[in-house]
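For reference, the chains in residue letters:
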Amino acid sequence: MSCSSISASIAPCNATQIHWRSIASHALRSHPSVAIIIGANTGSVSTDPSFRWLAASRFHGVQKVFVEPIASLHRLLESNIAHMANATAVNAAVTSATRPVDMYCMSEDETIKAPAWWSQICSLSRDRLFSDYDVARGGGVDKASIAARIRTTRVPGLTIDDLLRKYVHSPL
């Protein structure tokens, strides 16, 4: 089986990837499946190919749960999955307790030259935004500039257990 016949929307793959995609394809045909995308953003984001993949007709039988805590992004996500089979958009952050929580997000600011992907960054930890993992990656950005762009947003929170219990149709 060629890689392109398994997935036309995914970049070319090597023999190992073909083997695992073949196994995954068989599993999806023979067992009920669930895909949970945490931090789904608007769904169709250029930096995440999973949305295009899950929208493909061969995955219509897969239950898809897209989790996005930011209300404005969640509204766009709902619109983007409206015609996707077996898809649900959940407005929540996955947390250690089912209760509202603060999220720290990078806001738009035209006065600071920043990569486009900054607008996709939110965290339950304000300190993480200062780490070299995300925002400060690549250097050249001082902590005062980062701090000036952080906004705090209160969002609904769900534990993974509550998320699964409430939104997944069949037990995993």
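A brief structural summary.

## A word on the overall build of the protein
Working step 1: Of the regular secondary structure elements, the protein holds six helices and eight strands.
Working step 2: For the protein, the N- to C-terminal ordering of α and β elements is α-α-β-α-β-α-β-β-β-β-α-β-β-α.
Working step 3: Across the 172 residues of the protein, 36% fall into the buried class.
Working step 4: Within the protein, contacts between residues separated by at least 24 positions form 60% of all contacts whose residues are at least 6 apart in sequence.
Working step 5: Carbon and sulfur atoms make up 54% of the accessible area of the protein, which totals about 10100 Å².

## Regarding the sheet that holds strand β1 (residues 34-38)
Working step 1: Strand order in the open sheet made by the three strands is β1-β2-β3, with parallel pairing throughout. Of all the strands in the sheet, the pair left with one neighbour each is β1 and β3 (87-90). Adjacent strand axes in the sheet meet at a mean angle of 15°, parallel and antiparallel pairs treated alike.
Working step 2: Direction of pairing for strand β2 (residues 63-67) relative to β3: parallel, over a ladder of four bridges. Among the inter-strand pairings, Val65 is bridged to a residue of β3, identified as Thr88.
Working step 3: The sheet contacts of helix α4 (residues 71-81) involve β2 and β3, and relative to β3 the element is tilted by about 175°.
Working step 4: Those strands touched by helix α6 (residues 160-167) are β1, β2 and β3, and its axis lies near 135° from that of β2.

## Remarks on the packing of aromatic side chains
What characterises a pair of aromatic rings is the spacing of the ring centres plus the angle enclosed by the ring planes.
Working step 1: Counted according to the given criterion, the structure contains two aromatic pairs.
Working step 2: Ring centres 4.6 Å apart and planes at 50° place the aromatic pair Trp53 and Phe59 in the tilted group.

## As for the state of the cysteines
Working step 1: Tallied over the entire structure, the rule returns one disulfide.
Working step 2: Linked covalently through their sulfurs, Cys105 and Cys122 form a disulfide whose S-S length is 2.1 Å. Linking Cys105 and Cys122, the disulfide has an S-S dihedral of approximately 115° and is accordingly described as right-handed. In this pair, Cys105 sits in strand β5 (residues 101-106) while Cys122 sits in strand β6 (residues 122-123), placing the two residues 17 residues apart along the sequence.
Working step 3: Residue classification places Cys105 among the buried positions, given a relative accessible area of 1%.

## A word on the side chain of Thr42
Working step 1: Looking at the element boundaries, Thr42 is found in the loop between β1 and α3 (50-55).
Working step 2: Among the residues examined, Thr42 registers a relative accessible area of 14% and is labelled buried.
Working step 3: Those residues in contact with Thr42 that lie beyond four places of it in its chain are Leu73, Leu76, Leu77 and Asn80.

## Thoughts on the environment of Tyr104
Working step 1: With respect to the helices, strands and loops of the structure, Tyr104 is situated in strand β5.
Working step 2: C-alpha separation for the pair Tyr104 and Arg154, spaced 50 residues apart in sequence, amounts to 8.9 Å.
Working step 3: For Tyr104, the contacting residues outside a window of four places in its chain are Ile121, Cys122, Ser123, Leu124, Ser125, Arg126, Leu129, Ile150, Arg151 and Thr152.

## With respect to α4
Working step 1: Every buried residue belonging to α4 is among Leu73, His74, Leu77 and Ile81, and all of these are buried. In an axial view of α4, the angular spread of the buried residues amounts to 100°, which keeps them on one side of the axis. Facing away from the buried side of α4 by more than 90 degrees, the exposed set consists of Arg75 and Ser79.
Working step 2: Structurally, α4 contributes buried residues whose contacts are with α3, β2 and β3.

Cut-offs used in this document
- Residues numbered from 1 in each chain as written.
- Predicted model: local features only at pLDDT ≥ 70, side-chain atom pairs only at ≥ 80, totals over all residues.
- Heavy atoms only, no water.
- Helix = DSSP H or I, 4+ residues; strand = E, 2+ residues; numbered from the N terminus.
- Buried < 20%, exposed > 50% of the residue type's maximum accessible area, 1.4 Å probe, protein only.
- Contact = heavy atoms within 4.5 Å.
- Areas by Shrake-Rupley, 256 points an atom, 1.4 Å probe, with all protein chains shown as cover.
- Pairing = 2+ DSSP bridges.
- Axes fitted to C-alpha atoms, helices over the stretch in contact; angles between N-to-C directions.
- Phe/Tyr/Trp six-rings, centres within 6.5 Å; stacked < 30°, edge-to-face > 60°.
- Disulfide = S-S within 2.5 Å.
- Arc of directions from axis to C-beta.

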